[in-house]
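One-letter residues, chain by chain:
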Amino acid sequence: MKKFTLSEIASACAGRLVATDEQSKLCITSVERDSRQIKNGSLFLAIKGERVDGHDYIETCYQNGAICALCEKPPKTDSMAYILVDSTLEAVKKIAKAYREKFDIPIVGVSGSVGKTSTKEMLCAVLSQKFKTHKTQGNLNNELGVPLTLLSMPEDAEAAVIEMGISDFGEMHRLSMMVQPTICVLTVIGSCHLEKLGDRDGVLRAKTEMFDFARENAEFILNGDDDKLSTITVVNGKKPIFFGLGKNNDYRAENIVNNAEGGITCELCFENKRLSVTIPAIGSYMASNALAAVAAGRLLGMNDSELAHGVEAYQTVGGRANVINTGKIRIIDDCYNANPNSMMASIDTLMNFDGRKIAVLGDMKELGKKELELHFEVGEYAKEKGADGILCVGPLAEELAKGAEGIWFETVEEFLAASGSYIREGDVVLVKASHSMQFEKIVKKLAEDFSGDTK
């Protein structure tokens, strides 16, 4: 970390520092919310959760090397430093903002209803060809995850890519206030979190809150194929840079060929240039994600070779369009999350594979009043695309099954008990649902049942 003293931290969050003069000058080495991750010099965040109260672990953290606790009540140990605040969660946001302001580097904020994580990974792959690039790890993209991501930025970071996820109005304002992006990237405005955001216009308003706290002279990279984002003509006095497959985009892709496990070949076209690349991914939508990353790279002075090598260095992350070849079947593990846009994109990906194509689809959460209608529409889409088998799991997925004229199972357990009757050797099986459906159990069971291991 950059130098960040306990005195500075307390000042940043308007907390009451209880420490000796010598302790107040100490610099932290990391910020941890999990007592098991404490290192020498850590600041421990004592957060009270539904099941566990971090305040109960403060003394253990001191013993393991923590030099300070950020807490809402005084610890039992009176010889160690602590910062007393009304809310640890609110305080850490202010601390993260102060730490971010120690850096004068490009910081890319990424959001959208679909493709946030894959675009973040592509951006990092590209920018890493020129810069030491810090990025969001795992699913740390919310009001606790973003400050933790910022506070883990190493002293020598030359760029950062921060994923920003929301489900309600106002959240993006709070995230953007911390991140202060110098480049804003928005992927797709889709039908997600409609319980709170109402409709896609609400999603657009919530996502574009990012712009309000972007740094002065920030750049804006938007998906020009999205009917909502394409209506944005000026942001903070600047014309956005548009990417996508349409000919009117500043960055566009042509001659896209989906070779399934062989990757996506295409030409990335911009500024009268054509970069021929092979993207190591299975979804054709990755061409669009690559364009967003290339646009950011060009803004930061990267050359054609760096851009092409970056795109081809992309790696997928677990639970997101990852192919597992068991030797007997291929599983498209895309069970990290789902909404109608991403579900249909995954069905498109499935149809590019050779072999019998089976879609195991589950509930999509937080879709609001139209949730049943949206599930039915996705089912119809799967049927129209011609999947050989459509197996639907979950209470909401009953409507999906109706649209698809597929088979419905009420629970994951019910499906697992019957899966052997519907899936056979040689199949390509897409597994996708909202994360709360725990479809990773399905991936695990199918991988075990169809293992190539003959022992």
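In short, a report on the structure. Note that the structure is a prediction, hence the values are computed from the model and not measured.

### Thoughts on the overall build of the protein chain
And then number 1: Looking only at helices and strands, the protein chain features 16 helices and 20 strands.
And then number 2: In terms of overall size, the protein chain behaves like a compact globule, its C-alpha atoms giving a radius of gyration of 24 Å where 455 residues would be expected to give roughly 23 Å.
And then number 3: Along the first, second and third principal axes, the C-alpha atoms of the protein chain reach 70 × 55 × 45 Å.
And then number 4: Looking at the protein chain as a whole, 56% of its 455 residues qualify as buried.
And then number 5: Long-range contacts, defined as pairs at least 24 residues apart, comprise 63% of the intrachain contacts of the protein chain with a sequence gap of at least 6.
And then number 6: For the protein chain, the accessible area works out to roughly 19500 Å², and carbon and sulfur atoms hold 45% of it.
And then number 7: With 52 positive and 65 negative side-chain charges, the protein chain shows a separation of 2 Å between the mean positions of the two kinds.

### Quick word on the pairing of strand β8 (residues 159–163)
And then number 1: Most of β8 sits out of view: five of its five residues are buried.
And then number 2: In β8, alternate side chains face the same way, and those of Ala-159, Val-161 and Glu-163 on one face and Ala-160 and Ile-162 on the other are all buried.
And then number 3: With four bridges connecting them, strand β6 (residues 107–111) and β8 associate as parallel partners. Bridge pairing in β8 links Val-108 to Val-161.
And then number 4: As paired elements, strand β7 (residues 133–135) and β8 share three bridges and run parallel to each other. Opposite Thr-133, over in β8, you have Ala-159 as the bridge partner.
And then number 5: On the question of chirality, the crossover connecting β7 to the parallel β8 by way of helix α6 (residues 145–151) is right-handed.

### Some words on the packing of aromatic side chains
Where two aromatic rings form a pair, the distance of their centres and the angle of their planes describe that pair.
And then number 1: Counted according to the given criterion, the structure contains six aromatic pairs.
And then number 2: Both rings, one in Phe-4 and one in Tyr-99, keep their centres 5.5 Å apart while their planes meet at 35°; by these two values the pair is tilted. You can see Phe-4 sitting in the segment before α1 (6–13) and its partner Tyr-99 sitting in helix α4 (residues 88–100), a full 95 residues away along the chain. The same class applies to Phe-4 as to Tyr-99, namely buried.

### Regarding helix α11 (residues 304–312)
And then number 1: Those residues of α11 that sit buried are Glu-306, Leu-307, Ala-308, Gly-310 and Val-311.
And then number 2: Tucked inside the fold, the buried residues of α11 contact α5 (116–127), β13 (264–270), β14 (273–279) and α10 (286–299).
And then number 3: Among the residues of α11, the N-terminal cap falls to Asn-303, whose side-chain oxygen and the backbone nitrogen of Ser-305 are separated by 3.2 Å.

### Brief notes about the sheet that holds β8
And then number 1: An order of β7-β8-β6-β9-β10-β11-β12-β13-β14 is seen for the nine strands of this open sheet, with the pairing classed as mixed. If you trace the sheet from one side to the other, it starts and ends with β7 and β14, each paired once. Pairwise comparison of adjacent strand axes, ignoring direction, gives a mean angle of 20° for this sheet.
And then number 2: Alignment of β6 against strand β9 (residues 183–186), held across four bridges, turns out to be parallel. Along β9, the bridge assignment pairs Val-110 with Val-185.

### Looking at the pattern of salt bridges
And then number 1: With the rule as written, the count across this model stands at 31 salt bridges.
And then number 2: The partner of Glu-101 in a salt bridge is Lys-97, with the nearest N and O atoms 2.8 Å apart.
And then number 3: On the accessibility criterion, Glu-101 (40% relative accessible area) is partly exposed.
And then number 4: For Glu-121, the salt bridge goes to Lys-135, with nearest N and O atoms at 2.7 Å. Of this pair, Glu-121 sits in helix α5 while Lys-135 sits in strand β7; the two residues are 14 residues apart in sequence, bridging distant segments of the chain.
And then number 5: Each member of the salt-bridge network shares a partner with another, and the members are Glu-90, Lys-93, Glu-143 and Arg-174.

### Examining the side chain of Asn-258
And then number 1: By the secondary structure assignment, Asn-258 is in strand β12 (residues 251–258).
And then number 2: Within the structure, the side chain of Asn-258 is placed 3.0 Å from the side chain of Ser-284, a separation counted as a polar contact.
And then number 3: Once residues within four sequence positions are removed from consideration, Asn-258 is found in contact with Gly-263, Ile-264, Ile-282, Gly-283, Ser-284 and Asn-352.

### Regarding the side chain of Lys-116
And then number 1: Counting through the fold element by element, Lys-116 comes out in helix α5.
And then number 2: Put simply, Lys-116 is tucked away with no salt bridge, and the nearest opposite charge, on Glu-163, sits 4.9 Å away.
And then number 3: Leave out the neighbours within four places in its chain, and Lys-116 touches Val-110, Ser-111, Asn-141, Glu-163, Met-164, Gly-165, Thr-187 and Lys-207.

Criteria and thresholds
Going along each chain's sequence as written, the residues are numbered from 1 onward. For a predicted model such as this one, the threshold for reporting local features is a pLDDT of at least 70, and the threshold for listing and counting side-chain atom pairs is 80 or more; totals across whole chains, interfaces and linings nevertheless cover every residue. Values reported for side chains reflect all heavy atoms of the structure, with hydrogen atoms and water molecules removed beforehand. Helical segments are the DSSP runs of H or I of at least four residues, strand segments are the runs of E of at least two, and each set is numbered from the N terminus. Just to be clear, the radius of gyration here is over C-alpha atoms, and the globule rule we use is 2.2 Å times residues to the power 0.38. Accessibility here uses a 1.4 Å probe with only protein chains present; expressed as a share of the type maximum, an area under 20% marks a residue as buried, one over 50% as exposed, and anything in between as partly exposed. Whether two residues are in contact is decided by their heavy atoms, any of which lying within 4.5 Å being enough. Surface exposure here means Shrake-Rupley accessible area, sampled with a 1.4 Å probe, where a residue is shielded only by the protein chains that are shown. A positive count includes Lys and Arg, and a negative count includes Asp and Glu. His and the chain ends are not counted in either. To locate a charge, take atom NZ for lysine, CZ for arginine, CG for aspartate or CD for glutamate. By definition, two strands form a pair when at least two bridges between them are found by DSSP. Assignment of crossover handedness uses the view with strands pointing away from the viewer, where a clockwise path from the first strand over the helix to the second indicates a right-handed crossover. Two aromatic rings, drawn from Phe, Tyr or Trp (for Trp, its six-membered ring), form a pair once their centres lie within 6.5 Å of each other, and the interplanar angle then sorts them: stacked below 30 degrees, edge-to-face above 60, tilted otherwise. Between N or O atoms, a polar contact is any pair within 3.5 Å; within protein, one atom must be a potential hydrogen donor and the other a potential acceptor, and residues adjacent in sequence are included only when both atoms are from side chains. Fitting a line to C-alpha atoms yields each axis, with helices limited to the stretch in contact; the angle taken between N-to-C directions then spans 0 to 180 degrees. Salt bridges are counted wherever a side-chain nitrogen of Lys or Arg sits within 4 Å of a carboxyl oxygen of Asp or Glu.

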